[in-house]
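Structure assessment
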Amino acid sequence: MADRLKVNKTYKLYIGGAFVRSESGYTMSSHDQEDNLIAHVCKASRKDLRDTVKAARSAQKGWAGRTAYNRGQILYRIGEMLEARSTEFEDLLIREAGSDDPKAELQASVDRCVYYAGWSDKIDAILGSVNPIAGSFFGFTVPEPTGVVAVVADEASGLVGMVSQICSAVVSGNTVIVIAPDRAPVIAMEFAEVLATSDVPKGVINILTTEKAGLMTHLASHRDINAIDYRDGDAAVEQSLLDEGADNLKRMRFSDSMTAAEWNEESAQGLSEIAKFVEMKSVWHPVGV
Amino acid sequence: MSETPTWDYAPAPESSAIVNLKEEYGHFIGGESVPSADGATMETINPANEQVLTRFAKGGQEDVDRAVASARKAYDEVWSKISAADRGKYLYRIARLLQERSREFAILESMDGGKPIRESRDIDIPLAAHHFFYHAGWADKLPYAFPNQTVNPLGVAGQIIPWNFPLLMAAWKLAPALACGNTVVLKPAETTPLTALLLAELIQDAGLPPGVVNVVTGAGETGAALSSHAGVDKIAFTGSTEVGKLIQRTAKTRNLTLELGGKAANIVFEDAPLDQAVEGIINGIYFNQGHVCCAGSRLLVQESVADLLVEKLDHRIKSLRVGDPLDKNTDVGAINSREQLDRICELVESGKAEGSELHQSTEDLPEKGWFFAPSYFTGVAPSHRIAREEIFGPVLSIMTFRTPDEAVEKANNTMYGLSAGIWTDKGSRIFKLLGEMNAGVVWANTFNKFDPSSPFGGYKESGYGREGGKQGLAAYLEVK
């Protein structure tokens, strides 16, 4: 039997729950470790970013307003859908990201979704407080999401870093704009398909493929982005994000770059990751008046 | 409503005899009072009578270098090595000494900064002592605040504080930093250095090892030398949003917390207990001459009760006594500086020019000193400068709304997000609105209340990081 001609997939951007082409028309190509073409992907522009911020902003209040139970179930659902497509991701992790242990990374990514799913309705209990005010007042403090977070996906891994960053930001009610790793844009867009089938409300998680370097200053200067999660550890980039982001006092969350193997470890997850993207609100009311 | 009755009170000034000012104050570095390397000094003025109180050192780069080096040495050699329980005991000592000398501190605070003695005596100083006492207890219990995580001090903290609550802000900064095991270089504001310097003497009396707390006095350049210093591991700043943004750009350390400006909405619904609300509004905007970052400077009143509320408010502000900060009957003291008075006047002029109507409590102000009568504007549009910019003075901008949604929309329509007030008798409405306020502190049926156990800090351009509570400890720890 003659070889069947394969139908290749067209990759687009994932904005506001829809797969759309870059308005710029620019594309880039992704290659495997032997330099064979995997696919062309969109190269998101500044205009695409602006559209994405709008989508993320309009989804934020609704997402934060869902019950924590519901947010937890949706994160768990992402894990279910990722597990179901493990073969594809493992294959791509080898070809596109050059992973030397794709199975471990895929499994860690699924487990990461489950881990953060379980946090959704415990965050307030651990980070919040009832405040013993010295006076006739009842006071308490609750964590609230910071708002719209730009997640610059970690460059060291193809999947697990990005999944960890996304889950820790959205579990508390933030919406995110993810800039895919330069090394693995196809994996990122495959992950977008997982999201699209996981009951994630539109606009809560948006993914752009682009050349990171070209979009960083635009991320930092956009006044409707509240925080940036950047972990590639380039001090010059960090300084420029601080400079440009000062205009609306963006919260900057930097940390040293980790290897894919380190991302797989349980030590890479935790409440402190969630705490990076919440604001504390303290409330007072008189007692007995 | 009947005309506001006036009562003649005999002057009841607090004696300043307890305060012994030196002719000149140095920096406090390594446990000693030292002059600036270049000998530069500046003067601090009593804003209530424009008289020079004393002179103090004006710090430059070299002085900041010296203070940071002293803090580093104290961290490496002493403070990081003593037990957490002992750190706590030092803080308890400071709290106790402050309580003992509270009268002296209160009078000095009012002389240097212009705030009414009633406030420095009843709020600033007791609350400062309370902050030390509260954080003293945390020193050996830090792991309980961050379960299943490890915590470590950051090292040397640079702390820059404003002139509106000089001693209280010093306490807000020093207490958590020291409890968490850091050493400190504190830079007080240029118009109010004296209580921080007196606190330095008190800290010496408490027996803290030299260099654990250092105080460098001076002006903006001194603060800039500290905030951009490569030798500090942490910068904590309270002040204007403009300077906060500059610090984000220039700080060498990535450990940064900023507590900045505000333009808080105080929302009054038609079902609110109006007389209580009036007291809350008064306290919200005229407390400390309105020199309060979380002041309720935008009053949003539901249209149906707007006329009645404004009438009550007008009646109430006419009974506020403006004058000598040391007089125990004074409600509103002196504006902190000539510069601040000019800024308030400029913004008030813009309010008139843009078409709002100005109402003032009195035209009878002391001849000497810097004073501004408690004021409010009606007919304010959200686009007016007095509705958008922080005035940092006793000036209230009144606007109205019809529906709760409109109130939320207007309240959040600002670059700031420090505080908000909600006045209503309906519990479910309070809970709905407090969730919708983009603000770090929400007072329901009260306003401008503070407690060391209640974290304080902003959303959006009011800054980031918290002070107070277990949440505030994170600003001075590496949590992993």
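Residues numbered from 1 in each chain as written. Chains lettered and ligands numbered in written order. Predicted model: local features only at pLDDT ≥ 70, side-chain atom pairs only at ≥ 80, totals over all residues.

1. Considering the overall build of chain B
Our working definition: Numbering of helices and strands runs from the N terminus; a helix is a DSSP stretch of H or I covering at least four residues, while a strand is a stretch of E covering at least two. With C-alpha atoms as the basis for the radius of gyration, the globule rule is written as 2.2 Å multiplied by the number of residues raised to the power 0.38. To sort residues by burial, count the other C-beta atoms lying within 10 Å of each one's C-beta; a count of 20 or more means buried, 12 or fewer means exposed, and anything in between means partly exposed. C-beta atoms are built from the backbone. Once C-beta atoms are placed from the backbone, any two residues with those atoms within 7 Å are in contact.
Scanning chain B for helices and strands turns up 16 helices and 20 strands. Relative to the 2.2 N^0.38 estimate, which gives 23 Å for 480 residues, the radius of gyration of chain B is 22 Å and therefore close to what a compact globule would have. In terms of its C-alpha atoms, chain B occupies a principal-axis envelope of roughly 65 × 55 × 35 Å. When each of the 480 residues of chain B is scored for burial, the buried share is 59%. For chain B, contacts bridging at least 24 residues in sequence account for 72% of all contacts bridging at least 6.

2. A look at the sheet that holds strand 5 (residues 51–57) of chain B
All names here are of chain B. Threshold: By definition, two strands form a pair when at least two bridges between them are found by DSSP.
Within the open sheet, the three strands sit side by side as 1-5-4. Their pairing is mixed. Among the strands making up the open sheet, the edge pair consists of strand 1 (24–25) and strand 4 (41–46). With six bridges connecting them, strand 4 and strand 5 associate as antiparallel partners. Bridging from a neighbouring strand, Glu43 pairs with Arg55 of strand 5.

3. A word on the interface of chain A and chain B
Condition: Classification used: nonpolar for Ala, Val, Leu, Ile, Met, Phe, Trp, Tyr, Cys and Pro, charged for Asp, Glu, Lys and Arg, polar for all others including Gly.
Tallying the contact residues gives 27 residues for chain A and 34 residues for chain B. Here the side of chain A that touches chain B gets eight residues from one element, more than from any other, and that element is strand 12 (residues 278–286) of chain A. A breakdown of the residues in the side of chain A that touches chain B according to their chemical character gives 13 nonpolar, nine polar and five charged. Two elements, strand 12 of chain A and strand 18 (residues 441–444) of chain B, share three bridges in a ladder whose sense is parallel. Note that in strand 18 of chain B the partner of A:Val283 across the bridge is B:Val442.

4. Some details on the pairing of strand 3 (residues 27–31) of chain A
One face of the sheet, then the other: side chains in a regular strand alternate in exactly this way. All names here are of chain A. Relative to strand 4 (residues 37–42), strand 3 is paired through five bridges, and the arrangement is antiparallel. Paired with His31 across the two strands is Leu37, which belongs to strand 4. Taking the residues that link successive antiparallel strands as the turn, the strand 3-strand 4 hairpin has five residues, and the phi of Asp35 there is positive, at about 70 degrees.

5. A word on the domain arrangement of chain B
Residues and elements named next belong to chain B. Filter applied, for reference: Segmentation into domains, and thus their bounds, comes from an automatic or database assignment.
Along its sequence, chain B is organised into domain 1 (24–260 + 459–479) and domain 2 (265–444). On a C-alpha basis, the centres of domain 1 and domain 2 stand 30 Å from each other. Among the elements of the structure, helix 3 (102–113) and helix 4 (117–138) are those that each provide at least two residues to the side of domain 1 that touches domain 2. Here the residues of the side of domain 1 that touches domain 2 are counted per class, giving seven nonpolar, seven polar and six charged.

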